[in-house]
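The residues making up each chain are set out below.
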Amino acid sequence: MGKFQVLDHPLIQHKLTILRNKKTGTKAFREIANEIANLMAYEVTRDMPLEDITIETPVTKTTAKKLAGKKVAIVPILRAGIGMVDGILQLIPAAKVGHIGMYRDEETLVPHEYFVKLPADIDQRQVFVVDPMLATGGSAIMAIDALKKRGATNIKFVCLVSAPEGIKALREAHPDIDVYTAALDEGLNEDGYIVPGLGDAGDRLFGTR
Ligand SMILES: O=P(O)(O)OC[C@H]1O[C@H](OP(=O)(O)OP(=O)(O)O)[C@H](O)[C@@H]1O
Ligand SMILES: O=c1cc[nH]c(=O)[nH]1
Ligand SMILES: [Mg+2]
């Protein structure tokens, strides 16, 4: 079974409160979503492999650690996932970025895939799937299905706010992947929104409502 971790560092909790506040406008929402993603990236990359290299400091020759060059792909679920990409790229600037387009039918809550464009060697990369919201889990499950169908084997899912229903569904559908969230909320309302949540992440990021 993959890991499940709530990354509730005080800085993350503080910034998430700003995102949740309905008075926070588009500019601040965008900046802070990326700041939280940046802080989460620090933790979700904790098990990246290292190797020894020999270097010379100004004082002596020594053995030191270097990232083992494992290739990374960041895969946002469109649209809202885009709001986390830059924050992660700040820490892993050489990562490739794939995109999976997914929208949730507002009546049925069933996700629909409309776009998939991934790095050609996705099967050899450590993949971080990012989406601010995990509600019913349908979108994340379908995005990970799409990745596995194309050969990805090493996948972690990273979100800002999740509902228990979505966590359960995702872990049942894909027990092999690690799941990281900044907050585990109470549940879903009758419209499928996370409670207390932060509203529609895509609309708040892009100012479309
Ligand atoms: O867990 P689920 O029940 O599937 O819901 C979560 C999905 O809903 C939102 O996307 P949305 O469909 O609103 O698309 P958008 O990002 O284009 O706004 C969100 O960004 C997730 O992708
Ligand atoms: O609360 C929710 C649920 C799904 N998608 C969102 O953007 N917000
Ligand atoms: Mg949306």
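Here is a short report on the structure shown in this document. Residue numbers run consecutively from 1 along every chain, following the written order of its sequence. Labels are handed out in written order, letters beginning with A for the chains and numbers beginning with 1 for the ligands. Under the rules for a predicted model, residues below a pLDDT of 70 receive no local features and side-chain atom pairs below 80 are neither given nor counted, while totals for whole chains, interfaces and linings still include all residues. Only hydrogens and water are set aside when side-chain values are computed; all heavy atoms of the structure are taken into account.

### A few points about the overall build of the protein
Move 1: Looking only at helices and strands, the protein features six helices and 13 strands.
Move 2: Whereas a compact globule of 209 residues would reach a radius of gyration of roughly 17 Å, the protein reaches 18 Å, a difference of no more than 12%.
Move 3: With the C-alpha coordinates aligned to their principal axes, the bounding extent of the protein is approximately 65 × 40 × 30 Å.
Move 4: When contacts within the protein are restricted to residue pairs at least 6 apart in sequence, long-range pairs at least 24 apart make up 64% of them. The numbering of helices and of strands both runs from the N terminus, where a helix is a DSSP run of H or I of at least 4 residues and a strand a run of E of at least 2. Only the C-alpha atoms count toward the radius of gyration. The rule for a globule is 2.2 Å times the residue count to the power 0.38. In this description, contact between two residues means that some pair of their heavy atoms is separated by no more than 4.5 Å.

### Re the site of ligand 2
Move 1: What makes a residue near a molecule or strand is one non-hydrogen atom of that residue sitting within 4 Å of it. Around ligand 2 sit R104, M133, A135, G192, Y193, I194, G199, D200 and A201, and that is every residue in its neighbourhood.
Move 2: Contacts described as polar in this section are N or O atom pairs within 3.5 Å, which, within protein, must combine one atom able to donate a hydrogen with one able to accept it, while residues neighboring in sequence count only if both atoms come from side chains. In this structure, I194 approaches ligand 2 through a main-chain N or O atom, which is 2.8 Å from an oxygen atom.
Move 3: In this structure, an oxygen atom belonging to ligand 2 sits 2.8 Å away from a main-chain N or O atom of A201.
Move 4: The nonpolar class holds Ala, Val, Leu, Ile, Met, Phe, Trp, Tyr, Cys and Pro. Asp, Glu, Lys and Arg form the charged class, and all remaining residues, Gly among them, are polar. Its residues placed into classes, the shell around ligand 2 shows five nonpolar, two polar and two charged.

### Topic: the pattern of salt bridges
Pairs may arise between side chains of opposite charge once their charged atoms sit close together.
Move 1: Salt bridges are defined as contacts in which a side-chain nitrogen from Lys or Arg sits within 4 Å of a carboxyl oxygen from Asp or Glu. Scanning the entire structure with this criterion turns up 16 salt bridges.
Move 2: The closest approach of N and O atoms between E31 and K27, which form a salt bridge, is 3.2 Å. Taken together, the residues E31 and K27, both in helix α2 (residues 26-44) and four residues apart, mark about one turn of the helix.
Move 3: In this scheme, a residue with accessible area under 20% of its type's maximum is buried, one over 50% is exposed, and one in between is partly exposed, where area comes from a 1.4 Å probe on protein chains only. A residue is classified by how much of its surface remains accessible, and K27, at 60% relative accessible area, is exposed.
Move 4: When salt bridges with common partners are traced through the structure, they connect K3, D47, K156 and D178 into a single cluster.

### So, the pairing of strand β10 (residues 154-162)
Move 1: Of all nine residues that make up β10, eight are buried, and the element is covered over most of its length.
Move 2: As judged from the five bridges shared by strand β8 (residues 126-130) and β10, these two strands associate in the parallel manner. From the neighbouring strand, V129 faces β10, where its bridge partner is F157.
Move 3: Two strands form a pair only when DSSP identifies at least two bridges running between them. Of the pairings in the sheet, the one linking strand β9 (residues 133-134) to β10 comprises two bridges and is parallel in character. Note on β10: the bridge partner recorded for M133 is V161.
Move 4: For β10 and strand β11 (residues 178-184), the ladder comprises six bridges, and the chain directions are parallel. Its bridge partner lying in β11, V161 is registered against A183.
Move 5: With helix α5 (residues 164-173) bridging β10 and the parallel β11, this β-α-β connection has right-handed handedness. Crossovers are described as right-handed under a simple rule: with the strands pointing away from the observer, the path leading from the first strand over the helix to the second runs clockwise.

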